[in-house]
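Tertiary structure, described
Below, each chain spelled out in residue letters.
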Amino acid sequence: MTESHDAVQPFVPAAWEPSGGMPALRITDVKVILTAPDNIRLVVVKVLTSEPGLYGVGCASYTTRPAAVKSAIEEYLRPLLLGRDPNDIEDIWQVGHISGYWRTGPILMNALSGIDMALWDIKGKRAGMPVYQLLGGKVRRAAPVYSHASGRDPQEVEEQAIALMEQGYRYVRCQVDVPGNATYGVDEEEGPRQPYPPHLRARQGTWDTAAYARAVPRLFDHLRSRLGEEVGLLHDIHERLPPILAIGLAKELERFHLFFLEDPFAPEDNGYFPFLRQQTSTPIAMGELYVNQAEYVPLIKDRLIDFIRCHISAIGGITPARKLAAYCEFFGVRTAWHGPGDVSPVGHAANLALDLSCSNFGIQEWFRFGEAAREVFPGTPEVRDGMLWSNERPGLGVDIDEALAARYPLPEHPLNGAFPEVRQPDGTVIRW
Ligand code: KDG
Ligand code: MG
């Protein structure tokens, strides 16, 4: 009999092969853990295997829709994955991605990320290596980070920035309040069980775009005159301006030499990036709201941004993020993965694995986790000398103490994590 293509069996993972039997190592359970040790809603996934004591953890934190991610994992991904070989990271990602036919979106991508990161964690534990080794090994000792300073006026922002610089931080994101407005990124008084965590608490209220566009250049004028040129300064517009005002602001800020200006436009306004590029050399960071490669690939290919800033769990985990980082390298775009408090310490460890192994790393955003979060997540990486260091443990190096996590349930709130409304003075609702 002559061999034909028909005789070639397609590759099917062993668990699916009717006669192939079970793989030696199998996924035996997938658990979703909701916890809020720093009063920020986190979603963490635990993938258990047939090898006693071998499991992985992943971050699936979509802080404004945690229950929807939990349901996507428990009702759709868990049944799809039980019995499969956890070694097949790429295959599992592809199967999970296309199994619903309609794909991407923050719920499904976060769900997939929880699984994906856990599988990388398992692979690292089996190899006895930190995940950055599996990604190619270290190209730097540690990852330089930035942290947040904010205040009611430029003086207060300066004081917070100095406090961070005294702790060794060399990059600081600066946000100033616009009095009478619901300003993004400005702390209010802290307190237990506030409905919104301090770093992103905004009063429900109104927003005056012109007042904000005037306040920001004044802030950086003040900061540069007080802090000098050495410190790296960053700012997040957080898609709070009409596109033409964002272009004007980016031009005005050019003289203050920002390390980067973030989210000048909403993802829906991607078409404005070519105009921005023609107008200013202020470095641009973008990406925390992207979930679909169709949103970010064109900006990289056309060299319209300088830093890619995806929320790794929102694009599906380490598997797509490492491909994205490699793609960016070919176009001179650096990585600056999203790292606020609503990325769990497990997600921060995934960021760090990429930061350490990608030559086109730019900077890492760092959230200063509180005591409770560090206890719930043993192994949370540490900042020293303004840089984030790996703890060198196999896998992602971060675990979750489930009993402790249960002591910090998601805060009760009528909106279950959704953000408050921000409106223009005439009542029009605007982006948060
Ligand atoms: O939950 C929303 C936050 O992740 C976001 O507001 C933080 O913009 C942010 C940043 O750059 O850290
Ligand atoms: Mg941001």
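Residues numbered from 1 in each chain as written. Chains lettered and ligands numbered in written order. Predicted model: local features only at pLDDT ≥ 70, side-chain atom pairs only at ≥ 80, totals over all residues. Heavy atoms only, no water.

**Side note on the coordination of the magnesium ion (ligand 2)**
Binding of the magnesium ion (ligand 2) to the protein goes through Asp-236 (OD), Glu-262 (OE) and Glu-288 (OE), at separations of 2.0 to 2.2 Å. Between consecutive donors of the magnesium ion (ligand 2), the numbers of intervening residues give the motif D-x25-E-x25-E. Of this pair, Glu-262 sits in strand β8 (residues 260-262) while Glu-288 sits in the loop between β9 (284-286) and α9 (293-301), placing them 26 residues apart in sequence. Accessibility assignment for this pair places Glu-262 and Glu-288 in one class, buried. (Donors = N, O, S within 2.8 Å, 3.2 Å for Na, K, Ca; no water. Helix = DSSP H or I, 4+ residues; strand = E, 2+ residues; numbered from the N terminus. Buried < 20%, exposed > 50% of the residue type's maximum accessible area, 1.4 Å probe, protein only.)

**Regarding the sheet that holds strand β16 (residues 429-430)**
Sheet strands line up and pair through hydrogen bonds in the backbone, either parallel or antiparallel. Read across the open sheet, the three strands follow the order β6-β15-β16; overall the sheet is mixed. Lying at the two open borders of the sheet, with one neighbouring strand each, are β6 (205-206) and β16. Where strand β15 (residues 422-423) and β16 come together, two bridges link them in antiparallel fashion. Bridge assignment links Val-422 to a residue of β16, and that residue is Ile-430. (Pairing = 2+ DSSP bridges.)

**Quick word on the domain arrangement of the protein chain**
Segmentation of the protein chain into domains returns domain 1 (5-128) and domain 2 (134-394). Each of domain 1 and domain 2 has a C-alpha centre, and these two points are 29 Å apart. Listed per partner, the contact involves 35 residues of domain 1 and 38 residues of domain 2. Taking both partners together, domain 1 and domain 2 bury about 2600 Å²; carbon and sulfur atoms supply 64% of that area. The largest per-residue losses of area from domain 1 upon contact with domain 2 belong to Asn-39, Ile-40 and Trp-120, which jointly make up 23% of the total buried on that side. Linking domain 1 to domain 2 there are one salt bridge. Linking Lys-323 and Glu-90 is a salt bridge whose minimum nitrogen-to-oxygen distance equals 2.8 Å. If you look at where domain 1 meets domain 2, you find nine residue pairs in polar contact (both at pLDDT 80 or more). (Domains from an automatic or database assignment. Contact = heavy atoms within 4.5 Å. Buried area = accessible area lost by both parts, 1.4 Å probe. Salt bridge = Lys/Arg side-chain N within 4 Å of Asp/Glu carboxyl O. Polar contact = N/O pair within 3.5 Å; in protein donor to acceptor, adjacent residues only side chain to side chain.)

**What to know about the pattern of salt bridges**
Counted according to the given criterion, the structure contains 21 salt bridges. With a closest N to O distance of 2.7 Å, Glu-402 and Lys-46 form a salt bridge. In this pair, Glu-402 is assigned in helix α13 (residues 402-405) and Lys-46 in strand β2 (residues 42-49), connecting sequence segments 356 residues apart. A relative accessible area of 9% means that Lys-46 is categorised as buried. Across the salt bridge formed by Arg-309 and Glu-262, the nearest N and O atoms sit 2.9 Å from each other. Pair noted here: Arg-309 is in the loop between β10 (307-308) and α10 (318-329) and Glu-262 is in strand β8, with a separation of 47 residues, a long-range link. A relative accessible area of 0% places Arg-309 in the buried class. Given a relative accessible area of 0%, Glu-262 falls into the buried group. Linked by salt bridges that have partners in common, Glu-262, Glu-288, Arg-309 and Glu-365 make up one network.

**A look at the packing of aromatic side chains**
Under the defined criterion, the tally for this structure stands at 14 aromatic pairs. Summarising the aromatic geometry, the rings of Phe-265 and Phe-273 are spaced 4.9 Å apart at their centres and angled 75 degrees between planes, so their arrangement reads as edge-to-face. Per residue, the accessibility class of Phe-265 equals that of Phe-273, and both read buried. Centroid distance Phe-367 to Phe-369: 5.1 Å. Interplanar angle 75 degrees. Geometry classified as edge-to-face. Exposure remark for Phe-369: the relative accessible area of 9% places this residue in the buried category. Taken together, the ring pairs connect Tyr-146, Tyr-171, Phe-259, Phe-260 and Phe-307 into an aromatic cluster. (Phe/Tyr/Trp six-rings, centres within 6.5 Å; stacked < 30°, edge-to-face > 60°.)

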